[in-house]
Amino acid sequence: MTDVAREAGCSQATVSFVLNHAPGIKLSAETKQRVFEAARRLGYAMPPVAGAAVSTARRRRIGFIADQLATSPEAMVAIEGLTQATRASGDVVLVAHTHNDEELEAELIRTFVEQRVSALVYMTIFTREVELPQQLLGLEMPVFLLNCYTASQIYPAVVPSEIAGGQRSTRHLIEQGHRRIATITGEIWMEAAQDRLKGYRRALATADIPFDPALVVEGDWSASSGYDATRKLLALPEPPTAIFCQNDREAIGCYEALKEAGYDIPTDMAVVGYDDEEISRHLHPRLTTSILPHRAMGAWVVEQLGEFVPGQGRYPLVKLECPLVERDSVAKPKG
């Protein structure tokens, strides 16, 4: 109470009245808010309101650990999907991120276990196989892996179906009549880039379109790389009629390069993106793209929590569809 009183700029008695929800004490809403915020900043848990024990006792607490939250929107979308799915049951989601710090990661897992959470969710920003931290192994509570998986498959895991997504994006261009289709990949060491490229090649093979390595340019997921890659494609003796950009940011750079070269989208060049970021709806023309299913992946955790069977041995890797959103950036090729 001394620490909170000093932080909030009030007396210890006021802190006691506020935190214990003392009846009959008239304090301003501003004072109460100041005390609660000071207590939270200092890391103190709020005591439950009298009479709330029955409802809070029924709530499950789900710990959510991500390696990064700020570098891309996917983690926040997954958290939103998870929290929306828990509203009906009143469950609480506790979120932390590790900044890729192994010591911090271990400490966060221990803290969630000590707080007796009902389940733990472990997420990585980049889709990949992981070696789980030792603290996650052998836990008696359910553990779910988002956007990552283990070779042993000891915990349920869910990832986007990237090969199918790349195949669907390319097939859409083929169905519009395009046969000379280029793709701008992400950093090829990443699993998502590899799988989207596999999907691209499968779609070409299924349509009996020969694979041309000149039509594949590696990018790094940035708008600048999309711009540079598009300029390379336009410089080919026979440029493509359509470009599959493997994320929306590359598509932004692609748009700029095409407009700079005097190309009309989609009349002169069809463009498809991937990720369905907010900007894709506001480009001119609006970008055809694929939805990364991170919201659905977050909701999947709640569905699995009710059906979780511990000690199953091996759990199948779940892959969720990346639906294609058709907008205005694709048309039939000229001629």
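Presented here is a report on the structure given in the accompanying data block. This one's a predicted model, so the numbers in the text were calculated from it and none came from an experiment. (Residues numbered from 1 in each chain as written. Predicted model: local features only at pLDDT ≥ 70, side-chain atom pairs only at ≥ 80, totals over all residues. Heavy atoms only, no water.)

**Some details on the side chain of Glu277**
Filter applied, for reference: Only DSSP runs of H or I with at least four residues qualify as helices, and only runs of E with at least two residues qualify as strands; both kinds are numbered from the N terminus onward. The cut-offs for exposure are 20% and 50% of the maximum accessible area for each residue type, with area from a 1.4 Å probe on protein chains only; residues under the lower value are buried, those over the upper are exposed, and the others partly exposed. N or O atoms closer than or at 3.5 Å make up a polar contact, with two conditions inside protein: a donor-capable atom paired with an acceptor-capable one, and, for residues adjacent in sequence, both atoms drawn from side chains. By definition, residues are in contact when any of their heavy atoms lie within 4.5 Å.
Structurally, the position occupied by Glu277 is in the loop between strand E9 (270-272) and strand E10 (289-290). Given the relative accessible area of 16%, Glu277 is considered buried. Only 3.0 Å separates the side chain of Glu277 from the side chain of Arg249, close enough to count as a polar contact. In contact with Glu277, other than residues within four places in its own chain, are Asp248 and Arg249.

**Points about the nonpolar core**
This is how the line gets drawn: Among buried residues, the Ala, Val, Leu, Ile, Met, Phe, Trp, Tyr and Cys ones that are joined through side-chain atoms within 4.5 Å form a nonpolar core.
By size, the foremost hydrophobic cluster in this structure holds 34 residues, and its most contacted members are Leu173, Tyr200, Leu233, Ile243, Cys245, Leu258 and Val271. Leave out the neighbours within four places in its chain, and Leu173 touches His178, Ile181, Ala242, Phe244, Ala270, Val272 and Val330. In terms of nonpolar packing, the next biggest core, distinct from the first, is built from 24 residues, Ala78, Ile125, Phe308 and Tyr315 among them.

**Things to note about the environment of Arg41**
Position of Arg41 among the secondary structure elements: in helix H3 (residues 29-41). Relative accessible area serves as the criterion here: at 51%, Arg41 is assigned to the exposed category. Taking the C-alpha atoms as reference points, Arg41 and Pro133, 92 residues apart in sequence, are found 28 Å from one another.

**Considerations on the packing of aromatic side chains**
To keep it simple, the criterion reads: In summary, the pairing rule links any two rings of Phe, Tyr or Trp, Trp by its six-membered ring, whose centres are within 6.5 Å, and it sorts them by plane angle into stacked for under 30 degrees, edge-to-face for over 60 and tilted for everything else.
What the rule picks out here adds up to four aromatic pairs. Residues Phe126 and Trp189 carry aromatic rings whose centres are separated by 6.5 Å and whose planes lie at 80° to one another, so their mutual orientation is edge-to-face. In this pair, Phe126 sits in strand E3 (residues 119-129) while Trp189 sits in the loop between strand E6 (181-185) and helix H8 (191-206), placing the two residues 63 residues apart along the sequence. Overall, the relative accessible area of 43% leaves Phe126 in the partly exposed class. Plain terms: the ring middles of Phe244 and Tyr274 are 6.3 Å apart, the flat faces sit at 45° to each other, and that makes the pair tilted. Within this pair, whereas Phe244 is found in strand E8 (residues 242-245), its partner Tyr274 is found in the loop between E9 and E10, the two being separated by 30 residues in sequence.

**Thoughts on unusual backbone geometry**
Note that the residue after Ile265, namely Pro266, is joined by a cis bond; omega there is 10°. For Pro266, the location among the structural elements is in the loop between helix H10 (248-260) and E9. Phi at Asn100 is positive, roughly 60°, even though this residue is not glycine. Within the element layout of this structure, Asn100 appears in the loop between strand E2 (92-97) and helix H6 (102-114). If you check the backbone angles, Asp208 has positive phi at about 60° while not being a glycine. As for its placement among the helices and strands, Asp208 is situated in the loop between H8 and strand E7 (216-218).

**A closer look at the pairing of E6**
Note the threshold: A pair of strands is labelled paired if DSSP reports no fewer than 2 bridges between them. A crossover counts as right-handed when, viewed with the strands pointing away from the observer, the path leading from the first strand over the helix to the second turns clockwise.
E6 sits mainly inside the fold: five of its five residues count as buried. Neither face of E6 is exposed, since Ile181, Thr183 and Thr185 on one face and Ala182 and Ile184 on the opposite face are all buried. In this sheet, E8 lies alongside E6 in parallel orientation, the contact comprising four bridges. When the sheet's bridge partners are listed, Ala182 is paired in E8 with Ile243. Relative to E7, E6 runs parallel, the two sharing three bridges. Bridging across to E7, Thr185 finds its partner in Glu218. One crossover worth recording links E6 to the parallel E7 by way of H8, and it is right-handed.

**Looking at the packing of helix H2 (residues 12-19) against H3**
Put simply, the test is: Geometry is summarised by axes, namely lines fitted to C-alpha atoms with helices restricted to the contacting stretch, and by angles between N-to-C directions that run from 0 to 180 degrees. Angles below 35 degrees are treated as roughly parallel, those above 145 as roughly antiparallel, those between 65 and 115 as roughly perpendicular, and all remaining angles as oblique. Three classes are used, and their members are as follows: Ala, Val, Leu, Ile, Met, Phe, Trp, Tyr, Cys and Pro are nonpolar, Asp, Glu, Lys and Arg are charged, and the others, Gly among them, are polar.
At a closest axis distance of 10 Å, the pairing of H2 and H3 adopts a crossing angle of 90°. Comparing their axes, H3 and H2 come out roughly perpendicular. Along the contact surface, H2 presents Thr14, Val15, Val18 and Leu19, while H3 presents Thr31, Lys32, Val35, Phe36 and Ala39. For the contact of H2 with H3, the class distribution of residues is six nonpolar, two polar and one charged.

Without other data, these values stay purely geometric and don't point to any function.
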